[in-house]
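Here is how the chains run, residue by residue.
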Amino acid sequence: MWISNKKRRLLQSPVEGQQLIFRLASIDTKCASLQPGASTLELQGDILCTPTPKSTASQSTNSGSLKSIKHDSASKHGKGMNGAVAYFLAKDKMPLQIVKSPGFLHLMRETAPFYMVPNRHFIATGEIPKMNERLHASIEEKVAMGVWFSVTADQWTTSSADRQSSGCETFISFTTHCVTLDWQLHSHCLETLFFPEEHMPDNILEVFENMLHEWKIKSENLSGITTGNIANLIKAFGKFPCMWIGYFGDNLNLAISKVLRMPQVDSAVKACRRLVHAFARNWKKRRELKKKQEELNVPEQALIQDEASRWGSTAEMISRFLEQQQAVCAVLATDKNAWHLMLKDTDIAVLEDVSQILTLLGDFTDAMVTEDRVTLSSLKPILQHITTEILGEIGEDSTLIKQMKQVMRDDLLQLRYSGEVKRVLDICCFVDARLKGCFSENLDDTIKSCVEEAMRLAPHEESESKSSVASPEEKSTCTSPTTKRKNKTLSGFLRHIISLKQDKSEKDSEYMEEWLKAKVKLYLSLPSISIEDDPQAWWKVHTAEMPLLSNVAQKYLSIPATSVPSARLFTSSGHALSLHRSALSPEHVNMLTFLHHNLE
């Protein structure tokens, strides 16, 4: 506090100094009663005062005026914030009404006090469609750069609880996986379309062809279509020129379902399911189970109920029961009315055999589901390991285990992956620089298939330019007088043209086949890359050395082996069609799903 010289002299007098002290105390009391943030202190009649800083007063005035300023949607800052809110809603699958929820508004007031949050209608009719239009154009540019395309497709139906207004509705989803000229692999969600028509193959095929036309994808540039094992999808895409391939997870599920329908296995699984359901419905049994778990030092885990359509949940149910078997039997033993739930020793032995196989298979499926991209080339070694190692017969196997393994092997190898599908798997595995010919059952047949595929994919212009070179003897023969006389009739001209075409094609194909075989030898002589490396990156470096062989790799290395892309599509669409969005139109379902999966 600043004190003048006069005030200092007053402090030197005892009486006057004491009076001054009392006056200072009264000033402190008045200061304490002032409002916080006051910039001036005017105490009339007091000998002390504090100067008024003009800058502080102006800052207070300016801050008060700034608090009243709001950035509307037309301002630069407002447009950026609107885009950020729309991104948040689309990417995180949030309902649009959240923009008016108290919690969201409080968050925006704290983080962006100058921003006016728009209403739901503005977001739904303005920002979301604009974002969709920009992203659609960007994806179109990326798709236009693709050389080969593979498509995954799946059908799914909403539950009646999700769509209270109109009941269950069916949608069909498409994702595409394309390889560009610079060997970049892009995956995009293209459409999630409302499908109210009958699920006939012709209707499905019409929707698919319309989707290809809209995205300007030519059918001859499709390398494969991967779908679930739905009869109508198989019939629809079986008519298409490219290869249809079933999801690995669905194929494995069908093979395991055959095992679970075996009489011995079916009886034991049903008995286990009845026991688990009895504990799930009775809270007293669950309470007693916890007590027995503590007494017997068993892990305190609840029993798991399964879903009959998901073999993974059935495997978890069996595994958990076997873990808790001692505690469960102790609970049932104390209640005579529950003795009928106890499993027989034969049933427990069957469940142990089933759990042994399903646990090993579950490890592979879990590993494949966690991967973002599982191409068809990875399926061949996995399939071979499953059929030879996991499902291979061992001397100590029980009779039931041998029967279960035989049923699964026959289903996978003879029904799911045989004939043309097996040939495609061999080619995919061969052109993968990580694997090459390691998993080919007959390497010569695989090389022959790969060479034939490369010849089919060879540019037509090269064939014509090579075949146009003829020897002088051939030219003289073609221009001989006898030939000229024969060619005067139309049939003679046609006969001559066809014979020339056949001769040139035979010579051209022979030359190209030998040249390709030499390139295959070069390819096999190069060292394989690590399993963690990217085969597309390897081919990008070696395309100039093996151009025709690289065409085969470019075509087949984009085909997915699992249903993960489509499963994620209908999972996210299911979130969009929640009870909070029961009135959402099919067009907005498609838009929101497209934004969620394609926004980076």
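Cut-offs used in this document
Residues numbered from 1 in each chain as written. Predicted model: local features only at pLDDT ≥ 70, side-chain atom pairs only at ≥ 80, totals over all residues. Heavy atoms only, no water. Helix = DSSP H or I, 4+ residues; strand = E, 2+ residues; numbered from the N terminus. Areas by Shrake-Rupley, 256 points an atom, 1.4 Å probe, with all protein chains shown as cover. Pairing = 2+ DSSP bridges. Axes fitted to C-alpha atoms, helices over the stretch in contact; angles between N-to-C directions. Buried < 20%, exposed > 50% of the residue type's maximum accessible area, 1.4 Å probe, protein only. Polar contact = N/O pair within 3.5 Å; in protein donor to acceptor, adjacent residues only side chain to side chain. Contact = heavy atoms within 4.5 Å. Core = buried A, V, L, I, M, F, W, Y, C linked by side-chain atoms within 4.5 Å. Salt bridge = Lys/Arg side-chain N within 4 Å of Asp/Glu carboxyl O. Phe/Tyr/Trp six-rings, centres within 6.5 Å; stacked < 30°, edge-to-face > 60°. Right-handed = clockwise from strand over helix to strand, strands pointing away. pLDDT = per-residue confidence, 0-100. Parallel < 35°, antiparallel > 145°, perpendicular 65-115°, else oblique. Nonpolar A, V, L, I, M, F, W, Y, C, P; charged D, E, K, R; others polar.

1. Observations concerning the overall build of the chain
Within the chain, the secondary structure is distributed over 26 helices and 5 strands. When the accessible surface of the chain is totalled, it reaches about 33,100 Å², and 55% of it is carbon and sulfur.

2. Overview of the sheet that holds strand 2 (residues 170-180)
Pairing is mixed across the open sheet formed by 5 strands, whose spatial order is 3-2-1-4-5. Whereas interior strands pair on both sides, the edge strands pair on one side only; in this sheet they are strand 3 (185-194) and strand 5 (243-246). Shown here is a sheet whose adjacent strand axes are inclined to one another by a mean of 20 degrees, direction ignored. Sheet analysis places strand 4 (residues 222-227) next to strand 5, joined by 4 bridges and oriented parallel. From the neighbouring strand, T227 faces strand 5, where its bridge partner is G246.

3. As for the side chain of S313
With respect to the secondary-structure elements, S313 resides in helix 12 (residues 311-323). Overall, the relative accessible area of 4% leaves S313 in the buried class. At 2.7 Å, the side chain of S313 and the backbone oxygen of R310 are in polar contact. Here S313 is in contact with D306 and E307, once residues within four sequence places are set aside.

4. Examining the nonpolar core
Counting 87 residues, the largest nonpolar core has V265, L361, L376, M404 and W539 as its most contacted members. The element best represented in this core is helix 10 (residues 263-281), accounting for 9 residues. Other than its neighbours up to four places away in sequence, V265 contacts V259, L260, V350, V354, L400 and M404. Counting 53 residues, the second largest nonpolar core, distinct from the first, contains L89, F149, L190 and L212.

5. A few points about the pairing of strand 1 (residues 146-157)
Among the 12 residues that make up strand 1, 10 are buried, leaving the element largely enclosed by the rest of the structure. Examined bridge by bridge, strand 1 and strand 2 share 11 bridges and lie antiparallel to one another. Residue pairing in the sheet places A153 in a bridge with F174 of strand 2. As defined by bridge partners, strand 1 adjoins strand 4 across 5 bridges and the pair is classed as parallel. Among the inter-strand pairings, F149 is bridged to a residue of strand 4, identified as L222.

6. Topic: the pattern of salt bridges
Applying the stated criterion across every chain, the model contains 20 salt bridges. As a salt-bridge pair, K422 and D426 come within 3.5 Å of each other at their nearest N and O atoms. Of this pair, K422 and D426 both sit in helix 17 (residues 420-431), 4 residues apart, which is roughly one turn of the helix. The class for K422 is partly exposed, based on a relative accessible area of 27%. For D426, a relative accessible area of 10% translates into the label buried. Three or more residues joined by partner-sharing salt bridges are found here, namely K380, K422, D426 and E441.

7. What about the environment of P196?
With respect to the helices and strands, the residue P196 is situated in the loop between strand 3 and helix 7 (201-214). Residues P196 and E169, spaced 27 residues apart in sequence, show a C-alpha to C-alpha distance of 7.1 Å.

8. Details of the packing of aromatic side chains
If you walk through the whole model with that rule in mind, you get 11 aromatic pairs. Here the aromatic rings of F88 and F104 are separated by 6.1 Å at their centres, their planes lie at 10 degrees, and the arrangement is stacked. Placement of the pair is F88 in helix 4 (residues 76-91) and F104 in helix 5 (residues 102-111), with a sequence separation of 16 residues. What makes F104 buried here is its relative accessible area of 9%.

9. As for the pairing of strand 4
For strand 4, the buried fraction is high: 6 of the 6 residues fall into the buried class. In this region the chain leaves strand 4, passes through helix 8 (residues 231-238) and returns to the parallel neighbour strand 5; the handedness of that crossover is right-handed.

10. Focus: the confidence of the model for the chain
When the pLDDT values of the chain are averaged, the result is 79; 74% of them are 70 or greater. Per-residue pLDDT, averaged within each element of the chain, yields its smallest value for helix 20 (residues 472-478) (37) and its largest for helix 10 (95). The low-confidence segment residues 160-165, where pLDDT is below 50, has 17 contacts with residues more than four positions distant or belonging to other chains. Overall, residues 460-487 carries pLDDT values under 50, and its contacts beyond four positions in sequence, including any with other chains, amount to 18 contacts.

11. Structural notes on the environment of K540
If you trace the backbone, K540 turns up in helix 23 (residues 535-542). K540 gets classed as partly exposed once you look at its relative accessible area, which sits at 46%. Spatially, the C-alpha atoms of K540 and Q184 are 9.0 Å apart, while their sequence positions differ by 356 residues.

12. A look at the packing of helix 17 against helix 18 (residues 443-457)
Contact pair helix 17 / helix 18: the axes reach a minimum separation of 9 Å and the direction vectors enclose 85 degrees. Viewed along their axes, helix 17 and helix 18 adopt a mutual orientation that is roughly perpendicular. When helix 17 is examined against helix 18, the residues R423, D426, I427, F430 and V431 are found in contact with a partner set consisting of L443, T446, I447, S449, C450, E453 and R456. Looking at side-chain class alone, the contact of helix 17 with helix 18 contains 6 nonpolar, 2 polar and 4 charged residues.

13. Topic: unusual backbone geometry
Of note in the backbone geometry, K216 takes a positive phi value of approximately 60 degrees without being a glycine. The exposure class assigned to K216 is exposed, which follows from its relative accessible area of 68%.

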